[in-house]
Amino acid sequence: MKVLVVGGAGYIGSHCVRQLVAAGHEPVVVDNLVFGHRQAVAPEIPFYTDHLGNVDAMRKILAEEKIELVMHFAAFAYVGESVEKPLKYYDNNFIATLRLLEAMLTEGVKKFVFSSTCATYGVPPSLPIVETMPQAPINPYGQTKLDVENALKALAHSDGLSFAAFRYFNAAGAATDGSIGEDHNPETHLIPLVIDAAMGKRENIKIFGTDYDTPDGTCLRDYVHVDDLSRAHIAVFDKLGTPGTGCFYNLGTGTPYSVREVIEAVEKVSGKKVNIVEVERRAGDPPALYADSSKAKNGLGWKVEFDSVEKIVETAWAWHSSHPNGFSD
Ligand code: UFG
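Computed from a predicted model, the values in this text were never measured in an experiment.

Student: Please provide a residue-by-residue account of the packing of helix 2 (residues 55–64) against helix 4 (residues 86–106), values included.
Tutor: With their axes 9 Å apart at the nearest point, helix 2 and helix 4 run at an angle of 40 degrees to one another. By the angle class used here, helix 2 and helix 4 are oblique. For helix 2 against helix 4, the interelement crossing comes out right-handed. Contacts between helix 2 and helix 4 involve Val55, Met58, Arg59 and Leu62 from the former and Arg99, Leu100, Glu102, Ala103, Met104 and Thr106 from the latter. Partitioned by chemical class, the residues of the contact of helix 2 with helix 4 number six nonpolar, one polar and three charged.

Student: I'd like a rundown of the sheet that holds strand 5 (residues 111–117), residues and numbers included.
Tutor: Read from one edge of the open sheet, seven strands run 3-2-1-4-5-6-11, paired in parallel fashion. Each edge of the open sheet is held by one strand with a lone partner, namely strand 3 (47–48) and strand 11 (246–251). Here strand 2 (residues 26–30) runs beside strand 3; their pairing, made up of two bridges, is parallel. The residue bridging valine 30 from the neighbouring strand is tyrosine 48, located in strand 3.

Student: Kindly report on helix 1 (residues 11–22), identifying the contributing residues and their values.
Tutor: The terminal C-alpha atoms of helix 1, which comprises twelve residues, lie 17 Å apart, in line with the 16 Å expected from a rise of 1.5 Å per residue. Along helix 1, nine of the twelve residues are buried, which leaves the element largely enclosed by surrounding structure. Of the residues making up helix 1, those classed as buried are Tyr11, Ile12, Gly13, Ser14, His15, Cys16, Val17, Gln19 and Leu20. Packed against the buried residues of helix 1 are strand 1 (2–6), strand 2, strand 4 (69–72), strand 6 (162–168), strand 7 (170–172) and helix 7 (226–235). Of the residues one or two after helix 1, glycine 24 is the one with positive phi, at around 90 degrees.

Student: Quick one: what's the story with the pairing of strand 1, residue by residue and with numbers?
Tutor: Counting buried residues in strand 1 gives five out of five residues, a clear majority hidden from the surface. Burial along strand 1 is two-sided: the face carrying Lys2, Leu4 and Val6 and the face carrying Val3 and Val5 are both buried. Here strand 1 runs beside strand 2; their pairing, made up of five bridges, is parallel. For valine 6, the partnering residue across the bridge sits in strand 2 and is valine 30. Between the parallel pair strand 1 and strand 2, the chain is carried across by helix 1, and the sense of this crossover is right-handed. Across four bridges, strand 1 lies against strand 4 in parallel orientation. Counted as the bridge partner of leucine 4 is valine 70 from strand 4.

Student: Requested: an account of the environment of leucine 240, with residues and values cited.
Tutor: The residue leucine 240 is located in the loop between helix 7 and strand 11 in this model. Among all residues touching leucine 240, those that are not within four sequence positions of it are Leu69, Lys111, Phe112, Val113, Ser162, Phe163 and Ala164.

Student: Explain the nonpolar core to me, using residue names and the numbers behind them.
Tutor: Among the nonpolar cores identified, the biggest contains 34 residues, and Met71, Phe166, Val236, Phe237, Leu251 and Trp302 are the most heavily contacted of them. The set of elements that each furnish at least two residues to this core consists of strand 1, helix 1, strand 4, strand 6, helix 7, strand 11 and helix 9 (294–300). Looking at this core element by element, the count peaks at five residues for helix 1. Formed by 32 residues, the second largest nonpolar core is a distinct cluster that contains Met58, Leu105, Phe112 and Leu155.

Student: Give a description of the site of the ligand that names residues and reports values.
Tutor: Neighbouring the ligand are 21 residues; Leu190, Lys206, Arg221, Arg282 and Asp285 lie closest to it. Residue phenylalanine 208 places a main-chain N or O atom 2.9 Å away from an oxygen atom belonging to the ligand. Here aspartate 285 contributes a side-chain N or O atom positioned 2.6 Å from an oxygen atom of the ligand. Out of a free accessible area of 680 Å², the ligand has 91% covered by protein chains. Looking at the shell around the ligand, the elements that each hand over two or more residues are helix 6 (190–198) and strand 8 (205–208). Taken together, the residues of the shell around the ligand sort by class into 13 nonpolar, four polar and four charged.

Conventions used here
- Residues numbered from 1 in each chain as written.
- Predicted model: local features only at pLDDT ≥ 70, side-chain atom pairs only at ≥ 80, totals over all residues.
- Heavy atoms only, no water.
- Axes fitted to C-alpha atoms, helices over the stretch in contact; angles between N-to-C directions.
- Helix = DSSP H or I, 4+ residues; strand = E, 2+ residues; numbered from the N terminus.
- Parallel < 35°, antiparallel > 145°, perpendicular 65-115°, else oblique.
- Left-handed = near helix turned anticlockwise from the far one by under 90°.
- Contact = heavy atoms within 4.5 Å.
- Nonpolar A, V, L, I, M, F, W, Y, C, P; charged D, E, K, R; others polar.
- Pairing = 2+ DSSP bridges.
- Expected span 1.5 Å × (residues − 1).
- Buried < 20%, exposed > 50% of the residue type's maximum accessible area, 1.4 Å probe, protein only.
- Right-handed = clockwise from strand over helix to strand, strands pointing away.
- Core = buried A, V, L, I, M, F, W, Y, C linked by side-chain atoms within 4.5 Å.
- Near = heavy atom within 4 Å.
- Polar contact = N/O pair within 3.5 Å; in protein donor to acceptor, adjacent residues only side chain to side chain.
- Areas by Shrake-Rupley, 256 points an atom, 1.4 Å probe, with all protein chains shown as cover.

What follows is the structure in structure tokens.
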């Protein structure tokens, strides 16, 4: 299938592009390279440096490349920044996504796969999280993703859009051959920061809060490998045949790990000791988030290949130790 990957030079998008090629599909990438890296996409793949909100540019690409399905990964994803600068998040994550959908519907492209987030649930009433739980985001980032989810439902009804939205838990890891991986600037995610500390690029890792009501007092999260996430996006293609239908899936392993357990996993994989500094809680961090992904497993035949945080960290360690400066190396 001819697939337009919007945000295909970003962290999750670039891994998905490789999985699409491996599965025999033909990806075409659009990325404005604000956060994406041109080097993350193989040179032979058609690449357009454009913004998803540019309706004319998107229409032209959709028509000329004869696109059948669009995957959308391009979003700002710093939760803290979204609280400080909500307009930036509504503009890019919501309004620009509406423009992309407008371009698609104008050109008659009606299959859409959307990157949503567990942040749409806010603080869940119970764990693990199932798709039917109430969605009550506690920050603008989660709200913009939920706003898109609701727009998709309306467009399925009005225009026959057929869509799947994946609610990611904590995306982590890197391609197993070490050729692409996570390269955010600034980096805020736990695993790459602990790896930086193990590599001596940072003096220490700060643990944000040790007084949570969890077994070791630190937050629990569900770390899921970026290639496992990507495979779900392809497994869902079969579900996108019927116009006017949509589905939502959690994507997580279902196994929670504490911040301390993640640090231990990095120490084990790297063979290095990491200096820990315990600090106050980070505002807006729910104590525990982990998924019930039975729907994706049963409905899509989705299987988690990287079923422990140690396996995920091994791939991240391989990438970071061979690319200490990310894609600049
Ligand atoms: N953490 C630390 N020290 C750090 C960085 C993180 O202790 O230096 C902790 C956080 O407090 C949290 C855990 O490590 O408990 C994971 O933090 P990340 O920043 O790696 O990831 P988040 O769980 O905050 O964010 C993820 C996604 C977001 C999504 C969010 C939903 O990256 O896109 O889950 O809550 F919105």
